[in-house]
Amino acid sequence: MFQSIKEIVWMLFSSRHSTCGSRKLPDGISSWDVSPSNLVGLASAINTNCREPFRECLSQMMQQQQQEEKQHDQVVCIIYDFLMHFAETVANQMSLPSIIFRTSNAAAMLALCNLPRLKAEGFNCLQDSTSNELVPGLHPLRFKDLPTASMGNLENLLQLVAVVCNIRTSSAIILNTVDCLEYSSLRQLQEHYSVPLFTLGPLHKMALAKPINLVIKDDNTCIEWLEKKAPNSVIYVSLGSIARMDQNELTEMAWGLANSDQPFLWVIRPGLGGGSDAHLPEGFQELTGNRGCIVKWAPQKDVLAHPAVGGFWSHCGWNSALESISEGVPMICKPYFVDQTVNARYLTREWGIGIELDEVVQRTNVAKAIRRLLVEEEGSRMRQKVIALKDQIKDCIKDGGSSYNSLNKLVQFISSF
C-alpha cells in the first residue's frame, strides 16, 4: 500500500506538466506570453497540440510494457490536470479510465462552474467585477471575487468553463484541499457531480515525491538572514511566478515596506515588473538596510516554517495559501486573477486569517496592513486562528485523518479498475 500511495502522489505532481513518462510533449507554446488575458487561448493551444503526441507516446509505452511483460508497471489509469483534458480524450480512445486532478480548491471550482448560471440569471460577471454585492448562491463571495478578473472576453471564458467543468467520462475528481477548511464547498461540489471526490490536501505535506525544479533557483541566504530576526517579526512578500505589476505599484510596495518599520523578506523575481527587471526607488535600500532582505526566489516552505516569519503578503495562489495555513502564518492578501480572488475572500472573510489589501496599492495602506498583522492585537488574533487551522490540518494528514483516509480510498478505487 505504501508503494502505491507513493506512486499516486508522484503522478499528481507530474500532472502539472505536459509529459508522458519521462518524455516532454511538444505543446507549441514556448513563445507564448503567459498572462491572465490569454489563459483561455493558452489552454486551447495546449489541448490541441498535445493530444496526438500524448496518444502516440502512451501507445508506445503500453506496447513496450506488454512486450516486456511488466505486469506491475501496467498503465491502468490516467490522472490529468483539469485544464489538460486532451488526456481524457486519449484515455477514452484507449479504453483507459481517467481521473481529474484539481490543483485549486473546491470553492474556486464551484465559482467557476456557476458562471453559466449567473449569466443565465442576467448577471454580467465581467461588468460587475468591481461590485461588492454578494453573489447569489456563492456565499461569502462578492462579484469582485469571482474568477473572472483580467480574463478578457466573457464568451471565451464561458467556452473554457463549459469544457473544464465537464467531467466527460472521467471516473473521479482529486482535489488538493482539506475537509476541515472546505466542508461546505465540498458538500455542494459533491451534489453537483455524481463521481467520487478525493481530498488529498495539502499535497506538499502528503507528498513523498521530489519537488518540481523551477527556472529560478532558491536563494537560501535568506534563511541565514531570518536566523537573526525575532520570532513573528518578519513579513514575507512573494507574489508567485506569474503576477506582474507596473513600476508605480512596485514603488508603493517598497515605500510601504520601508514605512512599516518592520523587517521584511521580499521576493522580486525576474519579470515581476513586466517585461523588464523591477527598479527599486532611489534611497530605498539605504533607508531599510539590514531590516530588509531581497532575493529573486526563496525556498517558500522553509521560509514559512521559520519562527521569525510572522506574516505572508501573498497573491493568494492556492498552493501558497495552503503552505501558509499549514505553518500557522497569517496573510496579507493581494490577489491578481483567476482563483486568487476567491482564495483571498475565504482567507479574509470565512477563515479570518488574512487582511485584504486595497486593489490600488498605496504605501500608507501597505504600512498599515503590515503593522496590523505583525504588531497589533488584530494580528495576534489571526495568528491564533491560523495556528488552530494548522493543528486541524495536522490531524487530517495523519493516520486516520480525512486526507490520509481519502488517499487510501483513492488507491483502492484505482485498484478496482
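You'll find the structure just up there.
From a predicted model like this one, the values you see are computed outputs, not experimental measurements. (Residues numbered from 1 in each chain as written. Predicted model: local features only at pLDDT ≥ 70, side-chain atom pairs only at ≥ 80, totals over all residues. Heavy atoms only, no water.)

**Student:** If you had to explain the sheet that holds strand β5 (residues 172-175) to someone new, which residues and values would you point to?
**Tutor:** The 4 strands are arranged β3-β4-β5-β6 in an open sheet whose pairing can be described as parallel. Strands at the two margins of the open sheet, each flanked by one partner only, are β3 (78-81) and β6 (197-199). The average undirected angle you get between the axes of adjacent strands in this sheet is 25°. Helix α17 (residues 402-415) contacts β3, β4 (98-102), β5 and β6 of the sheet and is inclined by roughly 135° relative to β6. (Pairing = 2+ DSSP bridges. Helix = DSSP H or I, 4+ residues; strand = E, 2+ residues; numbered from the N terminus. Axes fitted to C-alpha atoms, helices over the stretch in contact; angles between N-to-C directions. Contact = heavy atoms within 4.5 Å.)

**Student:** Tell me about the side chain of Ser170, and name the residues and values.
**Tutor:** Its location among the elements puts Ser170 in the loop between α6 (154-164) and β5. Within the local environment of Ser170, its side chain forms a polar contact with the side chain of Tyr80, the two groups lying 2.7 Å apart. (Polar contact = N/O pair within 3.5 Å; in protein donor to acceptor, adjacent residues only side chain to side chain.)

**Student:** Break down helix α4 (residues 106-113) for me, with residues and values.
**Tutor:** Burial analysis of α4 places 8 of its 8 residues in the buried class, which makes it a mostly covered element. For α4, every residue scored as buried is listed here: Ala106, Ala107, Ala108, Met109, Leu110, Ala111, Leu112 and Cys113. The inward-facing, buried residues of α4 contact β4, α5 (115-120), α6, β5, α7 (179-192) and α14 (340-350). (Buried < 20%, exposed > 50% of the residue type's maximum accessible area, 1.4 Å probe, protein only.)

**Student:** Can you tell me about the pairing of strand β10 (residues 309-314), naming the residues and giving the values?
**Tutor:** Here β10 lies mainly inside the structure; 6 of its 6 residues are buried. Relative to β10, strand β7 (residues 234-238) is paired through 5 bridges, and the arrangement is parallel. Considered in β10, the bridge of Val234 is made with Val309. The sheet contact formed by β10 and strand β11 (residues 331-333) spans 3 bridges and is parallel. Bridge pairing links Trp313 to Ile332 in β11. Handedness of the crossover joining β10 and β11 through helix α13 (residues 318-326): right-handed. (Right-handed = clockwise from strand over helix to strand, strands pointing away.)

**Student:** Talk me through α14; I want residue IDs and the actual numbers.
**Tutor:** Buried residues dominate α14, accounting for 9 of its 11 residues. Those residues of α14 that sit buried are Gln340, Thr341, Val342, Asn343, Ala344, Arg345, Tyr346, Leu347 and Thr348. Where α14 is buried, its residues meet α4, α7, α13, β11 and β12 (354-356).

**Student:** Help me get a handle on the state of the cysteines, residues and values and all.
**Tutor:** Enumeration according to the criterion identifies 1 disulfide in this entry. A disulfide bridge connects Cys113 with Cys165, and the sulfur atoms are separated by 2.3 Å. Handedness of the Cys113-Cys165 disulfide follows from its S-S torsion of about -100°: it is left-handed. Placement of the pair is Cys113 in helix α4 and Cys165 in the loop between α6 and β5, with a sequence separation of 52 residues. With no disulfide of its own, Cys396 has Cys180 as its nearest cysteine by sulfur position, at a separation of 3.8 Å. Cys396 gets classed as buried once you look at its relative accessible area, which sits at 8%. (Disulfide = S-S within 2.5 Å.)

**Student:** Go over the nonpolar core, please, and point to the residues and values.
**Tutor:** Within soluble globular proteins, side chains that are nonpolar generally end up buried alongside one another. If you look at the biggest cluster of nonpolar residues, it comprises 89 residues, and the most contacted ones within it are Leu146 and Leu265. Here this core takes 9 residues from helix α2 (residues 39-68), the largest share from any one element. Setting aside residues up to four positions removed in sequence, Leu146 forms contacts with Ala111, Leu115, Leu118, Cys125, Val135, Leu138, Leu141 and Thr341. Phe264, Ile268, Trp313 and Ile332 belong to the second largest nonpolar core, which has 29 residues in total. (Core = buried A, V, L, I, M, F, W, Y, C linked by side-chain atoms within 4.5 Å.)

Any link to function would need more than the numbers given here.
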